[in-house]
Amino acid sequence: MTRLIDFWDRLSSKKRGLLFISAGALCLLGCILLLIFTESIFSTVLLYFSLGFNIIGLYIILWIKDGKDKNDKK
């Protein structure tokens with residue numbers, strides 16, 4: 001568990017955002033595959049997870065971009 005926490009602390013904010021977006025894309029792919037091949041309710045759960053991961057990742061990336069813009073103006 002400490003390895004995972006250390007790994008997370010060493011990541012830059014941009015890489016954290018990209019990690020959330022890639023997790024969201026993976027969940028969205030799983031959701032689409034489940035919808036195509038089965039009629040599973042689990043696809044809806046994956047869809048909500050993918051939306052959550054993508055929103056968190058985009059927020060982190062936009063937060064970084066906004067911070068860089070503020071620093072450039074100073």
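In case you missed it, the structure is sitting above this.
Note that the structure is predicted; figures quoted are calculated from it, not measured. (Residues numbered from 1 in each chain as written. Predicted model: local features only at pLDDT ≥ 70, side-chain atom pairs only at ≥ 80, totals over all residues. Heavy atoms only, no water.)

Asker: Describe the packing of aromatic side chains, and please don't skip the residues or the numbers.
Answerer: Counted according to the given criterion, the structure contains two aromatic pairs. Plain terms: the ring middles of Phe20 and Phe53 are 6.1 Å apart, the flat faces sit at 40° to each other, and that makes the pair tilted. Taken as a pair, Phe20 in helix 2 (residues 13-37) and Phe53 in helix 3 (residues 42-73) lie far apart in primary sequence, 33 residues in all. On the accessibility criterion, Phe53 (25% relative accessible area) is partly exposed. Arranged with centres 6.3 Å apart and planes meeting at 20°, the rings of Phe49 and Phe53 form a pair that is stacked. With Phe49 and Phe53 both in helix 3, this residue pair falls four residues apart, about one helical turn. (Phe/Tyr/Trp six-rings, centres within 6.5 Å; stacked < 30°, edge-to-face > 60°. Helix = DSSP H or I, 4+ residues; strand = E, 2+ residues; numbered from the N terminus. Buried < 20%, exposed > 50% of the residue type's maximum accessible area, 1.4 Å probe, protein only.)

Asker: Tell me about the environment of Leu33, residues and numbers included.
Answerer: Of note, Leu33 is situated in helix 2. Leu33 sits in the partly exposed class, given a relative accessible area of 41%.

Asker: Could you give an account of the side chain of Ser50, naming the residues involved and the relevant values?
Answerer: In this structure, Ser50 sits in helix 3. Setting aside residues no more than four positions away along its own chain, Ser50 makes contact with Gly24, Cys27 and Leu28. (Contact = heavy atoms within 4.5 Å.)

Asker: Before we move on, can you summarise a nonpolar patch on the surface with the specific residues and values?
Answerer: Residues Leu26, Leu28, Leu29, Ile32, Leu33, Ile36, Phe37, Leu47, Tyr48, Leu51 and Ile55 make up a contiguous nonpolar surface patch of about 1100 Å² in total accessible area. Listed by contribution, the elements that provide at least two residues to the nonpolar patch are helix 2 and helix 3. Relative to the helices and strands, Phe37 resides in helix 2. (Patch = residues over 30% accessible without salt bridge, like charges linked within 9 Å, V, L, I, M, F, W, Y side chains within 5 Å. Areas by Shrake-Rupley, 256 points an atom, 1.4 Å probe, with all protein chains shown as cover. Salt bridge = Lys/Arg side-chain N within 4 Å of Asp/Glu carboxyl O.)

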